[in-house]
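The chain contents come next:
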Amino acid sequence: MPDAFEWAAPNTFSKAFDAYYQDHFGWRSVLIKTHARFMIFFGISPSDKVLIGSDGWLFYTGNKVVENYRRLRPYKRYQLERTRQHLEAKRDWLKARGIDYLYVVVPDKHTIYPQHIPTRITTKPEPSRLDQLVAYLEEKSDFKIVDLRQEMFEARDSRRLYHKTDTHWNLHGAKIGYNKIAELLEARHPQFSPTADEDFDFYWEIGARGDLGDIIGIEGMYEEERVRYKPESGWCWEKLGEEVSKPLLEHRGVVTAAVGCKTGELSVLMFRDSYGLAPLSFMRQDFKRIEHVSQKFSPEIVEDYLSKRKTDVVIELYVERLMVRVARLEEIEWLKADSLASQATP
């Protein structure tokens, strides 16, 4: 027990007694886990970061993803216009340096599997944020983002595209996304020849629960089957050493570099969030080199990179709920001015 009560320090005694109670209350952890299991049984999540869905599906609630799913946070017109300007400015800035550009949006798990979201989570009959952006660009711009929703809607009933207990897509989903990227690049770069689907085998194995299952944190719950891919010829890529990756390591963000077998084809620099990790196995198989940094697009990183190494393509790949960072006007104007200066330089 804590020392004798001290009238001069009641707060100290209270904290000490609480710590003692937490450490010595019998069966405390068992009762907490049992209570959590009952909550889950009735569809109530023990964590405000996880939504309990049907058939063992869990959904992330951070980054205002539920509000977006319910159509409660539509973009304002100035945000759409600023995003249009930013996308076009990045494309033109990279084009002036001889670099192709793709902006890829991975649908939220909520978008592809709404049938597993509790019916109490209703949506307004309004366009989603991604609908708004696609429609605005179609009306106002010649730039098109890579929207993966149609391909994933078509495939979702024949195979599971997202982990049930994780916020991320699985390798089936990532393969569909990568196939779309490869299709676009093959049309623009005749020297690029992606590996055919027929050259891959896939299989399922029991794996650990995902990040959402970890948040709930109940032992023995939410293990799930995970899909694995294996090319018939084996994975040809290998990681490069730190010295080769050094140009990007000077900047914030986790940076990885990898080289594959296609020595005469394309090199890629990718800005990504965590959804960019799953497609990397396929990208490493098909590109000469791929280097990726876990942050938003940065002209400073590209300039530093190009001072030491060439790239053919810059890809930005983000999940739907994180797809847009509304840029400052100063950043857009700088990109435009620097593009013109680069074009004028002989």
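Our structure is the block above this text.
Residues numbered from 1 in each chain as written. Predicted model: local features only at pLDDT ≥ 70, side-chain atom pairs only at ≥ 80, totals over all residues. Heavy atoms only, no water.

## Quick word on the overall build of the chain
What the chain contains, in helices and strands, is 13 helices and 11 strands. For the chain, the proportion of its 346 residues judged to be buried stands at 47%. Considering only intrachain contacts with a sequence separation of at least 6, the fraction spanning at least 24 residues in the chain is 72%. If you sum the accessible surface of the chain, you get close to 18,100 Å²; carbon and sulfur atoms cover 52% of it. (Helix = DSSP H or I, 4+ residues; strand = E, 2+ residues; numbered from the N terminus. Buried < 20%, exposed > 50% of the residue type's maximum accessible area, 1.4 Å probe, protein only. Contact = heavy atoms within 4.5 Å. Areas by Shrake-Rupley, 256 points an atom, 1.4 Å probe, with all protein chains shown as cover.)

## Quick word on the pairing of strand β11 (residues 313-319)
For β11, the buried fraction is high: 7 of the 7 residues fall into the buried class. Examined bridge by bridge, strand β3 (residues 100-106) and β11 share 7 bridges and lie parallel to one another. Looking across to β11, one finds that Y103 is bridged to E316. (Pairing = 2+ DSSP bridges.)

## Some remarks on a negative patch on the surface
On the surface, a cluster of negative charge is made up of E198, D199, D201 and E232. Locating D201 in the fold gives a position in strand β5 (residues 200-207). (Patch = residues over 30% accessible without salt bridge, like charges linked within 9 Å, V, L, I, M, F, W, Y side chains within 5 Å. Salt bridge = Lys/Arg side-chain N within 4 Å of Asp/Glu carboxyl O. Lys, Arg positive; Asp, Glu negative; His and termini not counted. Charge placed at Lys NZ, Arg CZ, Asp CG, Glu CD.)

## Observations regarding empty space enclosed by the protein
Considering all chains together, one arrives at 1 cavity of 30 Å³ or more under this definition. Of the volumes computed, that of the largest cavity is approximately 100 Å³. Forming the walls of the largest cavity are T83, H86, L87, K90, Y103, K296, F297, E316, Y318, M323, V324 and R325. Every element with two or more residues in the lining of the largest cavity is listed here: α4 (77-95) and β11. Across the lining of the largest cavity, the residue classes break down as 6 nonpolar, 2 polar and 4 charged. (1 Å grid on protein atoms, 1.4 Å probe; cavity = no way out; pocket = protein on both sides within 12 Å on 5 of 7 lines; lining within 4 Å. Points joined across faces, edges and corners; volume = space filled by probe spheres on them. Nonpolar A, V, L, I, M, F, W, Y, C, P; charged D, E, K, R; others polar.)

## Here we look at the nonpolar core
Counting 45 residues, the largest nonpolar core has Y162, W169 and I315 as its most contacted members. Looking at this core, the elements with two or more residues in it are α3 (65-69), β3, α7 (149-155), α8 (171-188), β6 (224-231), β9 (267-272), α11 (280-286) and β11. If sequence neighbours within four positions are ignored, W169 has contacts with V106, L148, M152, L161, Y162, H163, A174, G177, Y275, A278 and P279. Core analysis: the second largest hydrophobic core is formed by 30 residues, Y103, V134, Y318 and M323 among them. (Core = buried A, V, L, I, M, F, W, Y, C linked by side-chain atoms within 4.5 Å.)

## As for the packing of α4 against helix α6 (residues 129-140)
Relative to each other, α4 and α6 sit at 65°, their axes nearing to 10 Å. Handedness of the α4/α6 crossing: right-handed. For the pair α4 and α6, contact is made by R77, L80, E81, T83, R84, L87 and E88 and by Q132, L133, Y136, L137 and K140, respectively. In terms of residue class, the contact of α4 with α6 is made up of 5 nonpolar, 2 polar and 5 charged. (Axes fitted to C-alpha atoms, helices over the stretch in contact; angles between N-to-C directions. Left-handed = near helix turned anticlockwise from the far one by under 90°.)

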